[in-house]
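Structural features, examined
Read off the chains here:
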Amino acid sequence: VGAMKGAIFSVDPDTRLVDITHDITPGAIQEAAFVLAQSYPCFPDDSVHIVVVDPGVGGPRKPILVSTEKHFFVAPDNGVLSYVFQREEVYGAWELNEDQFFRKPVSEVFHGRDIFGPVGAWLFKGIDSARFGTPITEWVTFPIPTPAEVRPQAWKGAILHVDRFGNLITNLTTKEVPLEAEKRPAAIKAITKS
């Protein structure tokens with residue numbers, strides 16, 4: 001974490017950093033995608049979100065930059081931006097391959113420090129997003145579970161996330177499950193873990 005922050009500050013010492021979490025299970029792309037989805041809408045317009053949950057580092061996955069109406073995302077193209085792609089209109093997306101914006105030498109296994117962090121800092125510093133690489137129109141996503149069954153007295157959904165307090169976060173929303181207690185069944189059954 002310190003080395004990555006150092007690489008960012010080497011590009012722009014005025015960059016403001018907020019650590020969302022360092023508690024994602026190693027390699028857990030879906031968990032990281034969920035936590036990102038809960039966090040990024042809280043940030044001001046033009047925020048740059050650097051996401052580094054990257055079990056495929058050093059492999060064929062691409063490093064990418066995605067621009068939406070209000071945010072920028074710098075991440076591996078491994079599905080970690082799946083919720084972003086589901087919720088947001090993509091204004092532009094690029095494979096990061098303009099290496100003048102990378103820290104040298106680029107490690108095969110530390111793209112957070114050598115690619116994602118520096119690109120995020122240059123972006124924060126005002127470099128136009130189109131300068132970082134080649135435009136892309138396809139990216140990796142995973143299917144986000146939707147409620148499988150919604151009936152007046154029974155709901156079937158999926159657990160999307162278990163937080164550190166043991167709370168189970170499901171894909172059932174107030175659209176499917178009314179907030180009014182008298183409209184809820186005595187128990188929610190057949191919730192399965194995805």
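**Overview of helix α1 (residues 2-11)**
Within α1, the full set of buried residues consists of M4, A7, I8 and V11. With its buried residues spanning 100° around the axis, α1 presents them on a single face. Exposed residues on α1 whose side chains face more than 90 degrees from its buried face are G2 and S10. On its buried side, α1 packs onto β1 (47-50) and α4 (111-125).

**Observations concerning the confidence of the model for the protein**
For the protein, the mean per-residue pLDDT works out to 89, and 91% of the residues sit at or above 70. Every residue in residues 187-194 is under pLDDT 50, and counting partners more than four places away or in other chains gives 18 contacts.

**Observations regarding the layout of surface pockets**
Rolled over the atoms, a probe as big as a water molecule pinpoints where empty space is left. By volume, the largest pocket amounts to about 1100 Å³. Sort the elements by how many residues they give to the lining of the largest pocket and α4 lands first, with five residues. Looking at side-chain class alone, the lining of the largest pocket contains 22 nonpolar, eight polar and six charged residues. Of the volumes computed, that of the second largest pocket is approximately 460 Å³. Lining the second largest pocket are 21 residues, with E31, L160, H161, V162 and D163 sitting closest to its centre. Among the elements of the structure, α2 (29-39) and β8 (158-162) are those that each provide at least two residues to the lining of the second largest pocket. Residue classes in the lining of the second largest pocket are distributed as eleven nonpolar, five polar and five charged.

**Considerations on a negative patch on the surface**
Taken together, the side chains of D45, D46, E69 and E89 present a region of like negative charge at the surface. With respect to the helices and strands, the residue D46 is situated in the loop between α2 and β1. D46 sits in the exposed class, given a relative accessible area of 53%.

Calculation rules
- Residues numbered from 1 in each chain as written.
- Predicted model: local features only at pLDDT ≥ 70, side-chain atom pairs only at ≥ 80, totals over all residues.
- Heavy atoms only, no water.
- Buried < 20%, exposed > 50% of the residue type's maximum accessible area, 1.4 Å probe, protein only.
- Helix = DSSP H or I, 4+ residues; strand = E, 2+ residues; numbered from the N terminus.
- Arc of directions from axis to C-beta.
- Contact = heavy atoms within 4.5 Å.
- pLDDT = per-residue confidence, 0-100.
- 1 Å grid on protein atoms, 1.4 Å probe; cavity = no way out; pocket = protein on both sides within 12 Å on 5 of 7 lines; lining within 4 Å.
- Points joined across faces, edges and corners; volume = space filled by probe spheres on them.
- Nonpolar A, V, L, I, M, F, W, Y, C, P; charged D, E, K, R; others polar.
- Patch = residues over 30% accessible without salt bridge, like charges linked within 9 Å, V, L, I, M, F, W, Y side chains within 5 Å.
- Areas by Shrake-Rupley, 256 points an atom, 1.4 Å probe, with all protein chains shown as cover.
- Salt bridge = Lys/Arg side-chain N within 4 Å of Asp/Glu carboxyl O.
- Lys, Arg positive; Asp, Glu negative; His and termini not counted.
- Charge placed at Lys NZ, Arg CZ, Asp CG, Glu CD.

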